[in-house]
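Coordinate inspection notes
Here is what each chain is made of, one letter per residue.
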Amino acid sequence: MKRSTLFSIFMRSLTIQVSFNFRRMQNLGFAFAMFPLIAEQRKDRSEMGVFLARHLQMFNTHPYLVSSVIGSVVRIEEEACIPESAEDLKKALMGPYAAIGDSFFWGALRSFSAVGAVILALAGTLLAPLAFLLLYTPAHLWVRVKGFLEGYRCGRNGIDFIRALDLPKESVKFCYLSLILIGSLAAVAVDTACRSWNFPPGMPGGAVGSVLLLLVIAGVRLGISSVKILYGMSLLCMALSI
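Residues numbered from 1 in each chain as written. Predicted model: local features only at pLDDT ≥ 70, side-chain atom pairs only at ≥ 80, totals over all residues. Heavy atoms only, no water.

Attention now goes to the side chain of Asn-21. Within the secondary structure, Asn-21 sits in the loop between helix H1 (3-13) and helix H2 (27-41). Engagement of the side chain of Asn-21 in a polar contact is seen with the backbone nitrogen of Arg-23, the distance being 3.2 Å. A distance of 2.7 Å separates a polar side-chain atom of Asn-21 from the backbone nitrogen of Arg-24. In this structure Asn-21 touches Asn-27 and Leu-28, once residues within four positions along its chain are discounted. (Helix = DSSP H or I, 4+ residues; strand = E, 2+ residues; numbered from the N terminus. Polar contact = N/O pair within 3.5 Å; in protein donor to acceptor, adjacent residues only side chain to side chain. Contact = heavy atoms within 4.5 Å.)

This brings us to the nonpolar core. By size, the foremost hydrophobic cluster in this structure holds 38 residues, and its most contacted members are Phe-30, Met-34, Val-69, Ile-70, Val-73, Val-74 and Phe-105. Within the residue set of this core, elements represented by two or more residues are H1, H2, helix H4 (66-78), helix H5 (83-122), helix H6 (128-154), helix H7 (159-165) and helix H8 (167-193). Take this core: its biggest share by element is ten residues, from H5. Beyond its immediate sequence surroundings of up to four residues, Val-73 is in contact with Phe-30, Met-34, His-55, Ala-86, Leu-89 and Lys-90. One finds Val-115, Leu-212, Ile-229 and Met-233 within the second-largest nonpolar core, a separate group that totals nine residues. (Core = buried A, V, L, I, M, F, W, Y, C linked by side-chain atoms within 4.5 Å. Buried < 20%, exposed > 50% of the residue type's maximum accessible area, 1.4 Å probe, protein only.)

With that settled, consider the packing of aromatic side chains. Aromatic ring pairs are described here by two measures, namely the spacing of the ring centres and the angle between the planes. For the coordinates displayed, the defined rule picks out eleven aromatic pairs. Summarising the aromatic geometry, the rings of Phe-10 and Phe-148 are spaced 5.5 Å apart at their centres and angled 50° between planes, so their arrangement reads as tilted. Remark: Phe-148 occurs in helix H6 and Phe-10 occurs in helix H1; sequence separation between them is 138 residues. Judged by its relative accessible area of 3%, Phe-148 is buried. (Phe/Tyr/Trp six-rings, centres within 6.5 Å; stacked < 30°, edge-to-face > 60°.)

Summed over the entire model, instances satisfying the criterion amount to seven salt bridges. With a shortest N-O distance of 3.6 Å, Glu-78 and Arg-75 are connected by a salt bridge. Linking Glu-78 with Arg-75, this pair stays in helix H4, spanning three residues, or about one helical turn. A salt bridge links Arg-163 to Asp-160; its shortest N-O distance comes to 2.5 Å. Placement of both Arg-163 and Asp-160 in helix H7 is noted, with a separation of three residues, approximately one turn of the helix. One continuous salt-bridge network, built from bridges that share partners, spans Arg-75, Glu-78 and Glu-79. (Salt bridge = Lys/Arg side-chain N within 4 Å of Asp/Glu carboxyl O.)

As structure tokens, then:
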């Protein structure tokens, strides 16, 4: 396959959420991404109809991991394997990839990046939004590009690349890092807000900080989401500063 065709397929895979619908989820985006393959193979109308019908079935997975699936499917279609092979692969991977992607990218990495950016914002730097992008964007772009290339190179075995990343294990690490940053965020927020708080006589600002830290620890022990703890502590600090 021409490199230009592969590049076109990959770029189209980045837009898979644009045509999201509640009936068949990402099916339109998936078929749109696969269309350059049809154009290169110059299939007639009947073959094109069968091809599109095959890829317009219900499909939904994490948008950052879909490139790996598309790469594998492109290889299967290019080698003219049994059509059911591509369908079976899509059905087998979309559920696990959705769970893995949600837990790592949106549950762990995004929280970690957001907390880091908020700490920089409270510290008074204007680079906080840029810090968020630098922490979050390179990781998912690398997984998208590398996943697509490995999927195309290995076909059905493209799953080995995602398996080797061990994203569930990495999710746990980033969750712990996020909690550490949330503790730091509480300290920075208290230090910033203390300047505008009017404490009763004999009540040191450090006592308030200790109480907030204990609340964070209690929330972690109760299994409350780190995102909810972050927003809860932020709202509490803003309320106390009024």
